[in-house]
Amino acid sequence: MNFFAFLGALLSCSTQSAARIDWPFAVDFHQRVLEKGSPGFGVNEPFIPTPSHILPEKKDFFIDENVNYYERFFNGSHNGEYRRSSCPAINALANRGYINRSGRNVSYTDLAHAVRRVWNFGDDNSMLVLAPTFAMHGWPETIDLDNFNDDLVQYVINCPAAPTRNDRVVGDNVNINMTLFESLLSFSKDGVTLTLEDLAEHHHLRHNQSKAENPNFVFGNQGAICSLAQYTNMVGVLGRKGKHGWTTLYMDDVKTFYLDEDIPKNYQRREMAHYSPESNAFVDRMAHHVGYAIQRPFPEGDQDPGRDICPMKARFQRAKCD
């Protein structure tokens, strides 16, 4: 997937044609979409505590292999018949048949239901991670998965400084860049897990690489959230109980997720959805580790050319030098 801006943050979108869509708040965007007669969005199922089970945990996820068997396809497979996105989370849904296996003619409703069913991704997050792709294409009945990577959604969904994908202007922004992926794994301190701080340090490297390589580089608050969210959403949905609590991210799961674009073997589904407040907390924690803070609401000119809120020298790097 590409998984992935968040509820409560301002979302200012620009396209390659310089058309601009301003969505003051996620709630306002949601209302505007509904006014256009778009399909219903539904809700995540609630977690209802009991005296013996007060806090939400993660439970084993059953896959009916007769229905949701694994079959891998790439963008352009079978003479272009199959389409895939840059987001392994979305691609896994197609590879498992939770949405159209071809990756074509996928409705927002089908995609939102699949994201809930498998990843238990919060509907508020879905409205800011999935819905803009439909909105920026004129809210069609369906889209193809490669619409998540095209010119219209640059710097909105298909972010600069992605963990394992090139910036669109640099090269192939759909398929995994194995050099970037191996770099991601190398940031593990124990060779088994990845922490949010490990991911923040890799994020900072990707920021510096993207800034050096991408002549159109813009990294305002929206770009930072977009880039950081691809890490935090992975932690939110793939994290399991371990040495770092319920958000322990195991490298074996990361390998299955990125290399096979599949649901990890030991995947445990969240009992409570991954809503935007949790995402924002992870984003802020990672940004703090690097040495900057996300400004909310986004200031005027947040996507102006040359804007960059992330320091070239990170806070954790300065700490090591003192």
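Residues numbered from 1 in each chain as written. Predicted model: local features only at pLDDT ≥ 70, side-chain atom pairs only at ≥ 80, totals over all residues. Heavy atoms only, no water.

### A look at the nonpolar core
Then comes step 1: Ranked by internal contacts, the top residues of the largest apolar core, which has 69 residues, are Leu93, Ile99, Leu111, Trp119, Val254 and Tyr292.
Then comes step 2: At eight residues, helix H9 (residues 221–238) tops the list of elements feeding residues into this core.
Then comes step 3: Once you skip the residues sitting within four places of it in the chain, Ile99 turns out to touch Ile90, Leu93, Ala94, Val106, Asp110, Leu111, Ala114 and Leu145. (Core = buried A, V, L, I, M, F, W, Y, C linked by side-chain atoms within 4.5 Å. Buried < 20%, exposed > 50% of the residue type's maximum accessible area, 1.4 Å probe, protein only. Helix = DSSP H or I, 4+ residues; strand = E, 2+ residues; numbered from the N terminus. Contact = heavy atoms within 4.5 Å.)

### A short note on the environment of Asn280
Then comes step 1: Structurally, Asn280 is set in helix H11 (residues 276–290).
Then comes step 2: Spatially, the C-alpha atoms of Asn280 and Ile225 are 8.5 Å apart, while their sequence positions differ by 55 residues.
Then comes step 3: Polar side-chain contacts of Asn280 include one of 3.3 Å to the side chain of Arg296. (Polar contact = N/O pair within 3.5 Å; in protein donor to acceptor, adjacent residues only side chain to side chain.)

### Points about the pairing of strand E6 (residues 245–250)
Then comes step 1: Judged from the two bridges that link them, strand E4 (residues 193–194) and E6 form a sheet pairing that is antiparallel. Counterpart to Thr193 in the pairing with E6 is Tyr250.
Then comes step 2: When strand E5 (residues 240–242) meets E6, the two strands line up antiparallel, connected through two bridges. Across the sheet, residue Arg240 finds its bridge partner in E6, namely Thr248.
Then comes step 3: What sits between the antiparallel neighbours E5 and E6 is a turn of two residues. (Pairing = 2+ DSSP bridges.)

### A closer look at the packing of helix H7 (residues 178–185) against helix H10 (residues 251–260)
Then comes step 1: Where H7 meets H10, the closest approach of the two axes is 11 Å, and the angle between their N-to-C directions is 165°. Overall, the two elements H7 and H10 adopt an arrangement that is roughly antiparallel. Between H7 and H10 lies a crossing whose hand is right-handed. Packed against H7, whose contacting residues are Met178, Phe181, Leu184 and Leu185, the element H10 presents Met251, Val254, Lys255, Tyr258 and Leu259 at the interface.
Then comes step 2: For the contact of H7 with H10, the residue count by class is eight nonpolar, no polar and one charged. (Axes fitted to C-alpha atoms, helices over the stretch in contact; angles between N-to-C directions. Parallel < 35°, antiparallel > 145°, perpendicular 65-115°, else oblique. Left-handed = near helix turned anticlockwise from the far one by under 90°. Nonpolar A, V, L, I, M, F, W, Y, C, P; charged D, E, K, R; others polar.)

### Quick word on unusual backbone geometry
Then comes step 1: Arg296 connects to Pro297 through a cis peptide bond whose omega is 0°.
Then comes step 2: Mapped onto the secondary structure, Pro297 falls in the loop between H11 and helix H12 (315–321).
Then comes step 3: The backbone of Trp139 sits at a positive phi, close to 50°, despite the residue not being glycine.
Then comes step 4: Note that Trp139 resides in the loop between helix H6 (131–136) and H7.
Then comes step 5: The class for Trp139 is buried, based on a relative accessible area of 13%.

### A word on H9
Then comes step 1: The first and last C-alpha atoms of H9 sit 25 Å apart over 18 residues, in line with the 26 Å expected at 1.5 Å per residue.
Then comes step 2: The sharpest bend along H9 comes to roughly 35°, located at Ala229. (Expected span 1.5 Å × (residues − 1). Bend = angle between axes of the 7 residues up to and from the residue.)

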